[in-house]
Amino acid sequence: MSAEFATLVDYWFGDLPPEREGAFEEHLFGCAECTGKLQELAALGAAVRNAWRSGAVRAVISHALFDAMKKEGLRLREYLMVPGGSVNCTIAASDDFVVSRLSASLADVRRVDLVTDAGRFEDVPFDAAAGEVLVCPAPAQLKLRGAFTTRMRLLAVEDAGERVLGEYTFDHAPS
Amino acid sequence: MEDAELAKAIAGSAPALDAAAEGEFCRRFAPRVRLYGLRHLRDRHAAADLVQQVLMMTLERLRAGKLREPERLASFVLGTCRMVVMDQRRGTARRGALLEMYGIEEEAVEDAEPRVFERERLTACLEALSERERSVVITTFFQEDSKTVPGLSTGNVRVIRHRALGKLRACMEGA
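### Some details on helix α4 (residues 73–89) of chain B
- The end-to-end C-alpha distance of α4(B), which contains 17 residues, comes to 24 Å, matching closely the 24 Å that a straight helix rising 1.5 Å per residue would cover.
- When we look at burial in α4(B), the residues that qualify are Leu73(B), Phe76(B), Val77(B), Leu78(B), Thr80(B), Cys81(B) and Val84(B).
- Turning to α4(B), the residues buried within the fold contact α2 (18–29) of chain A together with α1 (3–13), α2 (19–41) and α3 (44–63) of chain B.

### Brief notes about the interface of chain B and chain A
- Listed as interface residues are 38 residues of chain B and, on the opposing side, 42 residues of chain A.
- Elements that contribute at least two residues to the side of chain B that touches chain A include exactly α2, α4, α6 (119–128), α7 (131–142) and α8 (154–172) of chain B.
- At 10 residues, α7(B) tops the list of elements feeding residues into the side of chain B that touches chain A.
- For the side of chain B that touches chain A, the class distribution of residues is 17 nonpolar, 11 polar and 10 charged.

### Section: the sheet that holds strand β4 (residues 97–103) of chain A
All names here are of chain A.
- Read from one edge of the open sheet, four strands run β1-β7-β4-β2, paired in mixed fashion. Edge positions in the sheet fall to β1 (59–61) and β2 (76–81), since each of these pairs with one other strand and no more. Neighbour-to-neighbour, the strand axes of this sheet turn through a mean angle of 25°, independent of strand direction.
- Across six bridges, the pairing between β2 and β4 is parallel. The residue bridging tyrosine 79 from the neighbouring strand is serine 100, located in β4.

### Some words on helix α3 (residues 32–53) of chain A
- Taking 1.5 Å per residue as the helical rise, α3(A) with its 22 residues ought to reach 32 Å, and the 31 Å between its terminal C-alpha atoms agrees with that figure.
- Regarding α3(A), the residues found buried are Cys34(A), Leu38(A), Ala42(A), Leu44(A), Ala47(A), Val48(A), Ala51(A) and Trp52(A).
- Summarising the contacts, the buried residues of α3(A) are in contact with α1 (5–12) and α2 of chain A together with α2, α6 and α7 of chain B.
- Where α3(A) terminates, the next one or two residues include Gly55(A), which has phi positive at roughly 85°.

Criteria and cut-off values
Residues numbered from 1 in each chain as written. Chains lettered and ligands numbered in written order. Predicted model: local features only at pLDDT ≥ 70, side-chain atom pairs only at ≥ 80, totals over all residues. Helix = DSSP H or I, 4+ residues; strand = E, 2+ residues; numbered from the N terminus. Expected span 1.5 Å × (residues − 1). Buried ≥ 20, exposed ≤ 12 C-beta atoms within 10 Å, placed from the backbone. Contact = placed C-beta atoms within 7 Å. Nonpolar A, V, L, I, M, F, W, Y, C, P; charged D, E, K, R; others polar. Pairing = 2+ DSSP bridges. Axes fitted to C-alpha atoms, helices over the stretch in contact; angles between N-to-C directions.

Written out as structure tokens, the structure reads:
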């Protein structure tokens with residue numbers, strides 16, 4: 001019998017308990033269908049990694065990813081921004097990514113929304129301990145753009161309503 | 001051909017080689033060993049090395065007629081994977097000697113062409129995920145051994161990953 005997709009995902013990311021992992025591997029080695037499904041998952045992972053590395057995707061990223069990208073030798077242009085701050089920014093042809101490090105007081109904050117010219121992005125990942133939200137626009141698109149000014153705003157969403165954590169202005173010029 | 005028949009065909013032809021049976025053995029088990037290697041070693045070159053080593057060691061055993069239970073061929077291959085990975089972690093290597101002895105061509109155990117995902121569709125499907133889902137998917141595939149996304153517990157990451165990969169898969173299949 002073929003395994004559920006959820007079991008394959010748990011196996012791939014090491015989330016199965018050891019006793020289940022051993023039994024699942026026994027099944028996997030005798031199951032051509034499960035092998036095929038796991039190959040699909042592995043291929044999807046490789047495609048996601050390639051799409052990310054090629055700069056086709058935007059994301060608000062975790063510090064774990066930020067550190068992993070640096071460790072891998074990707075060239076990151078960083079802008080450290082304080083609330084109310086503005087910066088003249090760019091992206092060079094040699095840059096792999098631009099990371100806007102939006103600092104804010106995030107202690108006790110449960111949900112953060114990011115508001116940009118492109119719209120409102122709800123419940124973005126953030127690192128409360130580091131007090132930062134890391135915004136990565138899609139580099140491939142950014143490299144094609146001319147000069148523009150854009151603003152980002154971080155909002156803490158709470159039971160009582162929402163409050164502004166910070167506003168950040170970016171004056172972009174092509175490199 | 002069942003695993004047991006395959007094992008018997010390879011053993012029965014010794015000292016000559018049954019190229020067709022050995023080819024089928026490699027085609028059947030190379031993807032499974034490669035996936036095992038990717039899952040446990042998280043390195044595609046190390047996984048490719050593992051494929052070479054495990055297939056060579058198993059063929060060595062089969063040709064010598066030393067596989068006592070041919071119907072358990074899949075279990076034997078899995079056991080060999082586990083042993084080689086443990087050996088690798090201990091810094092032991094048999095690969096050079098076996099390569100010299102049996103000279104299996106690297107192309108013979110290369111994985112089949114992995115599925116190619118259409119880049120624009122993948123980008124659109126990633127874009128359709130929520131910010132948190134996209135961040136978890138990119139982070140976990142970029143750094144497949146990472147289970148930590150700041151601001152989330154491991155349990156939360158697992159739940160988000162399941163949901164996100166389900167959506168991504170459905171989107172890629174046009175569902």
